[in-house]
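# Architecture and fold: a report
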Amino acid sequence: MPAEAKDPQEQAEESVRDAISAPDAEGKPRRTTRRFPLFTKDTARPEGGGRAAPGDAPAPARQWPILAVLGTAALGLLLTALDVFRYGTLLIGVALVAGAVLRWLLPDVGMLAVRSRFTDIVTYGVLGLAIVLLAMMVQPNPWLQIPFLKDTLHFTVSS
């Protein structure tokens, strides 16, 4: 028994009851089913992906969180290129950790929000922490020495 075809206007006026359905530009629901469409036409903005400043503010002010993180990382890359490797990579790691902190504390971070809040915090935090630790362990004269790493290296590369 074939399903009865509904008028598109009548279908658009149905209420949306699930979190997957998104309204179109006019606020009317585009679909009322939990089934995914054959072709994706739009993506949902990440949680916290709103503007970090009011809409009438200039563009750089609206996106200050990502500009702060990118500016700090760019300064770290510049220091690394100028042969101040340890401080440059340390600054890059600190920029990522700062991005995790901003993502955690601020409700709206603009383009710094890429995925869900939890995923962004974990990704920025783990990568930033790894870069900071590696920058502190870089040779020669490391600031941080982990005793079992040398034994692990000799165990895995023994001749």
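First things first, this report covers the structure right here in the doc. Not measured: the values here are computed from a predicted model.

## Regarding the pattern of salt bridges
Going through the model one piece at a time under the given rule, you end up with two salt bridges. In this structure, Arg103 engages Asp120 in a salt bridge whose closest nitrogen and oxygen atoms are separated by 2.8 Å. Remark: Asp120 occurs in helix α5 (residues 117-137) and Arg103 occurs in helix α4 (residues 85-105); sequence separation between them is 17 residues. Relative accessible area serves as the criterion here: at 0%, Asp120 is assigned to the buried category. A single salt-bridge network, built from bridges that share partners, covers Arg103, Arg115 and Asp120.

## Structural notes on α5
Taking 1.5 Å per residue as the helical rise, α5 with its 21 residues ought to reach 30 Å, and the 30 Å between its terminal C-alpha atoms agrees with that figure. Taken as a whole, α5 has its buried residues at Arg117, Asp120, Tyr124, Gly128, Val132 and Ala135. What you see down the axis of α5 is that its buried residues fit within an arc of 70°, all on one side. Exposed and oriented more than 90 degrees from the buried face of α5 are Phe118, Val126 and Leu134. Here the buried face of α5 lies against α4.

Thresholds applied
Residues numbered from 1 in each chain as written. Predicted model: local features only at pLDDT ≥ 70, side-chain atom pairs only at ≥ 80, totals over all residues. Heavy atoms only, no water. Salt bridge = Lys/Arg side-chain N within 4 Å of Asp/Glu carboxyl O. Helix = DSSP H or I, 4+ residues; strand = E, 2+ residues; numbered from the N terminus. Buried < 20%, exposed > 50% of the residue type's maximum accessible area, 1.4 Å probe, protein only. Expected span 1.5 Å × (residues − 1). Arc of directions from axis to C-beta. Contact = heavy atoms within 4.5 Å.

Geometric descriptors of this kind do not, in isolation, establish any biological role.
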